[in-house]
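The primary structure of each chain is shown beneath.
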Amino acid sequence: MGKGEQGVGYLPPNIILVHGEANEMGRLKQKLITQFADRNTKIISPKNFQSVEMYFNSEKMAKTIRRLAEKTPEVGETVSGLLRITIAYSGAFGVLKHRLKQILESVESLPDEESEGPAFRVHERLTVKYESERHISLHWRPDPISNMVSDSVVALVLNISREIPKVAVESEEATKTEEENNKKAEKVIHALLVSLFGENGKLVISVDGNAS
């Protein structure tokens, strides 16, 4: 594809010209400006090490259920409801609650009949529910403070999830090291006894008049 053919097959909102000789890039920029004159395309030819800023509009989608979904909102109408997300978490639910209590002031358990399973509430704003051995869910009504609390809980859950494999490995290594130390101690004691009494020697230990 030649330089003059670049950008003809699609309509990019931005074209950035880089890695070219300055005069050539200038001529190409003018040609593209003429070619895309009737389109809303921004053409930039920055100098080396010059930063370029571009702005993009992204669409966000939210799904609604139950009464909130009964009526289609008008454009610009404010809609509020309960937000819910599910997070992968395979650690102990009690450990998560304990860690949150160390960081946040208010973490209270909820009755099973109210939450339909193990759950607790954080700052009376966010509810954390046990869903399965591998997942938990967070429920809250959106507002600046509740959103901040939910972000904090999500960050902590992700941090604990990263720690779980590390803790398991360290535990296995500690057990293995303890077993090796015990075996070494047994060998040292055996060698000491052999040096004192010989291979066929007999050691008598008396405790409160009882010999063994």
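Refer to the preceding data block for the structure.
Attention here is on the structure that accompanies the text. Since we're looking at a predicted model, the values are computed, not measured.

Here the focus is the pattern of salt bridges. Note that side chains of opposite charge can pair when their charged atoms are close. One pass over the full model with this rule turns up three salt bridges. A salt bridge links R125 to D143; the nearest nitrogen and oxygen atoms lie 3.3 Å apart. In this pair, R125 sits in the loop between β5 (119-122) and β6 (126-132) while D143 sits in the loop between β7 (135-140) and α4 (144-197), placing the two residues 18 residues apart along the sequence. A residue is classified by how much of its surface remains accessible, and R125, at 34% relative accessible area, is partly exposed.

Another aspect to go through is the packing of aromatic side chains. Taken as a whole and judged by the stated rule, the model has two aromatic pairs. Consider the rings of F93 and Y130, whose centres lie 5.8 Å apart with planes at 70°: the pair is edge-to-face. Here F93, found in helix α2 (residues 93-103), pairs with Y130, found in strand β6; they are 37 residues apart in sequence, far enough to count as distant. An aromatic cluster is defined as three or more aromatic residues linked by ring pairs; in this entry it consists of F93, F120 and Y130.

The next point concerns helix α1 (residues 22-35). Its 14 residues place the ends of α1 20 Å apart at the C-alpha level, agreeing with the 20 Å of an ideal helix rising 1.5 Å per residue. All of the buried residues in α1 are M25, L28 and L32. For α1, the arc enclosing every buried residue in end-on projection is 65°, short of the 170-degree limit, so these residues lie on one face. The outward face of α1, more than 90 degrees from its buried face, is lined by the exposed residues R27 and T34. Packing partners of the buried residues in α1 comprise β1 (14-16) and β2 (42-44). Of the residues that open α1, the one with a side-chain oxygen 3.0 Å from the backbone nitrogen of N23 is E21.

What follows is about the side chain of K97. Summarising the element assignment, K97 is placed in helix α2. It is E108 that comes nearest to the buried, bridge-free K97 among opposite-charge side chains, at 6.4 Å. When near neighbours in sequence (up to four residues on either side) are disregarded, K97 contacts V107, S109 and F120.

Our focus in this paragraph is the environment of T64. On the secondary structure map, T64 appears in the loop between β2 and β3 (83-88). Between the C-alpha atom of T64 and that of L83, which follows or precedes it by 19 residues, the distance is 9.4 Å.

The five strands lie next to each other as β3-β7-β6-β5-β4, forming an open sheet whose pairing is antiparallel. Of all the strands in the sheet, just β3 and β4 (107-109) have a single pairing partner and so form its edges. Across the sheet, the mean angle separating the axes of adjacent strands is 25° when strand polarity is ignored. The pairing of β6 with β7 spans six bridges and is antiparallel. Note on β7: the bridge partner recorded for Y130 is I136.

All right, on to unusual backbone geometry then. One non-glycine residue, F49, lies in the positive phi region at around 70°. Looking at the secondary structure, you find F49 in the loop between β2 and β3. Looking at F49, the relative accessible area reads 89%, which means it is exposed. The backbone of E124 sits at a positive phi, close to 55°, despite the residue not being glycine. Summarising the element assignment, E124 is placed in the loop between β5 and β6.

Think of an α-helix as 3.6 residues a turn; residues three or four steps apart then line up on the same face. Taken together, the buried positions of α2 are occupied by F93, L96, K97 and L100. Buried residues of α2 fall within an arc of 95° about the axis and therefore sit on the same side.

The rules behind the values
Residues numbered from 1 in each chain as written. Predicted model: local features only at pLDDT ≥ 70, side-chain atom pairs only at ≥ 80, totals over all residues. Heavy atoms only, no water. Salt bridge = Lys/Arg side-chain N within 4 Å of Asp/Glu carboxyl O. Helix = DSSP H or I, 4+ residues; strand = E, 2+ residues; numbered from the N terminus. Buried < 20%, exposed > 50% of the residue type's maximum accessible area, 1.4 Å probe, protein only. Phe/Tyr/Trp six-rings, centres within 6.5 Å; stacked < 30°, edge-to-face > 60°. Expected span 1.5 Å × (residues − 1). Arc of directions from axis to C-beta. Contact = heavy atoms within 4.5 Å. Polar contact = N/O pair within 3.5 Å; in protein donor to acceptor, adjacent residues only side chain to side chain. Lys, Arg positive; Asp, Glu negative; His and termini not counted. Pairing = 2+ DSSP bridges. Axes fitted to C-alpha atoms, helices over the stretch in contact; angles between N-to-C directions.

Nothing here speaks to function; it is geometry throughout.
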